[in-house]
Amino acid sequence: MPTTKFDKESIKQAIIGKVQRYNGRTIEEVSPQQLYRAVASTVRDQIMAKAIECREERKRNKGKRLYYLSVEYLMGRSMYTNMLNLTSTKEYTEALSELGIDIQDVLKEEPEPGLGNGGLGRLAACFLDSLSSLNMPAMGCTIRYEYGLFRQKIVDGQQVELPDSWLDNGNAWETAETQDTCEVHFGGHVEEVEVNGVKRYYTKDYYTVEAVPYDMPIVGYDAKVVNPLRMWSARSPKKLDLNSFGEGRYVQASEEIELAETISKVLYPEDRHYEGKQLRLKQHYFFASASLQYILKDYKKRFGTDFSRLPEKVVIHINDTHPGMAIPELMRLLIDEEGLGWDEASQIVQRTFAYTNHTIMSEALERWPVNMVQNLLPRIYQILCEINRRFCERLWNYFPGDWDRIARMAVISYDNVQMANLCIAMSYSVNGVSKLHGEILKEETFHDFYLVMPEKFSAITNGIAHRRWLISCNPELTDLICESIGDAWIKEPERLRELAPFADDAAFREKFAAIKLHNKQRLAAMLKQRQDVTIDPSFMFDVQAKRLHEYKRQMLNALHIMVLYNRIVNDESFTMAPRVFVFGAKASPGYYRAKQIIRLICALSKMIERHPRARKMLQVVFLENYDVSSAEVLIPAAEVSEQLSTASKEASGTGNMKFMMNGAITIGTMDGANVEISEQVGMDNIYIFGMRADTVRNMYRENTYNPMMIFETNQEVRQAMTQIIDGTLMPDNPAALQDLYHSLLMGDNFFVLKDFGSYSMAQRRLDADYHDQEKWQKMAVINTAMSGVFSSDRTIREYNDTIWHLPILGQNAKK
Ligand code: 26Q
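The text that follows walks through the structure, step by step, so that each part is easy to find. Just so it is clear, the structure is predicted and the values come from calculations on it, not from any experiment.

## What to know about the pattern of salt bridges
Using the criterion set out here, one finds 57 salt bridges in the structure. With a closest N to O distance of 3.0 Å, K491 and D222 form a salt bridge. Taken together, the positions of K491 in the loop between α20 (475-485) and α21 (506-531) and D222 in the loop between β9 (207-219) and β10 (226-235) put the pair 269 residues apart, joining distant regions of the chain. Overall, D222 belongs to the partly exposed group, its relative accessible area being 45%. The salt bridge involving R593 is made with D739; its shortest N-O contact spans 3.2 Å. Residue R593 is found in helix α23 (residues 592-610), and its partner D739 is found in helix α30 (residues 738-745); the two are separated by 146 residues along the sequence. In this structure R593 comes out as partly exposed when scored by relative accessible area, which is 26%. Of the residues examined, D739 reaches a relative accessible area of 30% and is grouped as partly exposed. If you follow the salt bridges from partner to partner, you end up with D343, E386, R389, R390 and E393 in one network.

In structure tokens, the structure reads:
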């Protein structure tokens, strides 16, 4: 087979040729979108050449495969990542440049697939990057939502949601794999038939939705492997037939088609808040069933129908409980379709699934009303009942008579299917996402399960794809690092540590600081262009960017800014290092209080602007529509990273790692992965404040929190709080934020006022240190240097060594 070359000349010719053939235009005449598609198509050709070789390698390899099931994959744009991982950025940049095109103008034409809410979805995307880069055979499975997470606009200081129709111009990276289209069934009723003394179950009168897979290739960095991300799209099996036109029934027919296709229409924008919406259950089962059917089809092609070896050849990882219906679905397929007995099927299932928990907050634990499951998935419901019956029987032996505990642990209880309990009972591995989170799962959230099956539990600290979150988003810093310590760290990110001695090198620090300044200028330009906001790159850049949630405590940050404002206004001699506070955060559309917090931040920004002296030292900017692409500009520009969650509430956090890697210094609580960041950099290179997780736990237990007392005794807090509702903050509508005001003074589960004093002290230290730029730059260098362990390559290796045991493709094929 002739191998196509992808050197600079060939790339140029390919692009010119495509534009000619697809659009009948010359390079000069082509539109930016057409040019983007021609370049994407060239990159794709290069990927496909690799994919063919990889497929051969896969066929030869008889080892285990991973299927990573997640209802969210927050991929971000692909073009630059693909060029980078093909190690061809230089070739493409130069080829385009010789055609008179700035590569940046091409990159920004790509619509961002925002098929996720936040941390959990982005983690799945980083994992795919690492899996391919480490040559592990895997497939990501998800839903091909037609609309991703809403686009956010701020209008009159409030959030407005707009649809995100990312597929309008098609998706340049995907291919429809129609040969793997399958059917998913809903509704109907189960009939039991006895054949030769064996009970068989058939569902009758169901309705069918077709699942059509679209694959996106995930290239590894300088690697052999191209793994697919398989996205399932719902399609009605009904075609509008011409007879129905004649009979006037075409409206009804088209309505039915519409209904089937709503399943993959839109991503739910709620994270961590459970609501038993039937459409959401349909989405989850739809993609779990389609994925499982494909997994078995592939297994049979490779190993025939001896399913006893399934756990040896397949591992199915479920990203939180959302894909958990895959568990009873595998039982159904093995028993009803393949004829296995219950015990055999159950043994196989329990050795095939692994489950990661991402949140300890009970309101986010997924559960489904029994009658909904029964109506929508009658056979699955039967299977869940049998799983539950047997599991409770087992529990009875451990805890005879302890009905309460058994009810808490049951798969079906309180009229709900308890998805977390199902996943723990039926998986061989349950893991948390940071050390602290792992401990809390064992000691608190899932303590009862831990007593019965301690061997299942582990903790693997999250990570981030350093290729996206350093190399591609911060090219200047990448070059500086390579100049200083070589490029071995790219494949072994923990070698970033070799940068640590350079913290004491004045010339290095100067270059490091100059790059930060460039990145600040780049962010300033983006804000100017997108929001017509002017920020001064000589200010300190302080960033809190993450979903809006009470537990993440954007309120603590906002309240502190109010206090700074008051210090300036009340005291003419007060000075501080000039600082711009940037917030990026989407609120779930139905989360009223989160939206009020956005309103407060926007009002704060305006109030400061109105004050001539305050605005010389203080600025607040709300960055609209925080998404992966804006994070890639925002994070490299940050000098301070705000990680303020109430201790014990943030399972890990991954934004914290991205900021650290780009040389921002964390101000944060001892929560999630912040704990491990502090271990890496040492307490001198991070600002830790606030209650520890065990103190928070005691506060809940003893119910002793009294915010009113803090309000009464702390004058600064009282003044800032009062201004929220006395017209200082919102002159036109003083009562607008009353609910927010009260929420901090009555039954605040997240202890904002309680941690305020300690936070404010940490901020004072931070401000003082910033004046000492030598000290500050040393800290920044140390943060980057110690960030290597937070590469998702390390995370994925740990998953593989302790949970998955996948072969490495290209090394002597296993078995
Ligand atoms: C479930 C059922 C019904 C409705 C909504 C949900 C739902 C949806 C999304 C529940 C949770 C989520 C997302 C959770 C999430 O993003 N968790 C974050 O995961 C990161 C990766 O592990 C961690 O770093 C964060 O600490 C954690 O908050």
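## Brief notes about the sheet that holds strand β15 (residues 416-418)
Across a sheet, paired strands are connected by hydrogen bonds in the backbone, their directions being either parallel or antiparallel. The antiparallel open sheet is built from three strands, whose spatial order is β13-β15-β14. Each having just a single partner strand, β13 (367-369) and β14 (412-413) make up the two edges of the open sheet. In the sheet, β13 pairs with β15 via three bridges, with the strands oriented antiparallel. Directly across from W368, in β15, lies its bridge partner V417. Seen against the sheet, helix α16 (residues 419-426) touches β13 and β15 and runs at an angle of roughly 45 degrees to β15.

## Observations concerning the site of the ligand
Around the ligand sit 21 residues, and of these R272, H358, N462, E650 and G653 come closest. Contact distances for the ligand include 2.8 Å between an oxygen atom and a side-chain N or O atom of N462. The separation between an oxygen atom of the ligand and a polar main-chain atom of A651 is 3.3 Å. About the coverage of the ligand: the protein hides 98% of its 620 Å² of free accessible area. Ranked by residues supplied to the shell around the ligand, first place goes to helix α6 (residues 119-133) with three residues. Residues of the shell around the ligand, tallied by class, amount to six nonpolar, eight polar and seven charged.

## A closer look at the packing of helix α22 (residues 554-570) against α23
Describing two packed helices takes the angle between their axes plus the distance from one axis to the other. As a packed pair, α22 and α23 sit with axes 10 Å apart at the nearest point and diverge in direction by 20 degrees. Considering the angle they form, α22 stands roughly parallel to α23. Note on packing geometry: the crossing formed by α22 with α23 is left-handed. Contacts from Q554, M555, A558, I561, M562 and Y565 of α22 reach α23 at I597, L600, I601, L604, M607 and I608. Of the residues that constitute the contact of α22 with α23, the class distribution is eleven nonpolar, one polar and no charged.

Reading the values: rules and limits
Residues numbered from 1 in each chain as written. Predicted model: local features only at pLDDT ≥ 70, side-chain atom pairs only at ≥ 80, totals over all residues. Heavy atoms only, no water. Salt bridge = Lys/Arg side-chain N within 4 Å of Asp/Glu carboxyl O. Helix = DSSP H or I, 4+ residues; strand = E, 2+ residues; numbered from the N terminus. Buried < 20%, exposed > 50% of the residue type's maximum accessible area, 1.4 Å probe, protein only. Pairing = 2+ DSSP bridges. Contact = heavy atoms within 4.5 Å. Axes fitted to C-alpha atoms, helices over the stretch in contact; angles between N-to-C directions. Near = heavy atom within 4 Å. Polar contact = N/O pair within 3.5 Å; in protein donor to acceptor, adjacent residues only side chain to side chain. Areas by Shrake-Rupley, 256 points an atom, 1.4 Å probe, with all protein chains shown as cover. Nonpolar A, V, L, I, M, F, W, Y, C, P; charged D, E, K, R; others polar. Parallel < 35°, antiparallel > 145°, perpendicular 65-115°, else oblique. Left-handed = near helix turned anticlockwise from the far one by under 90°.

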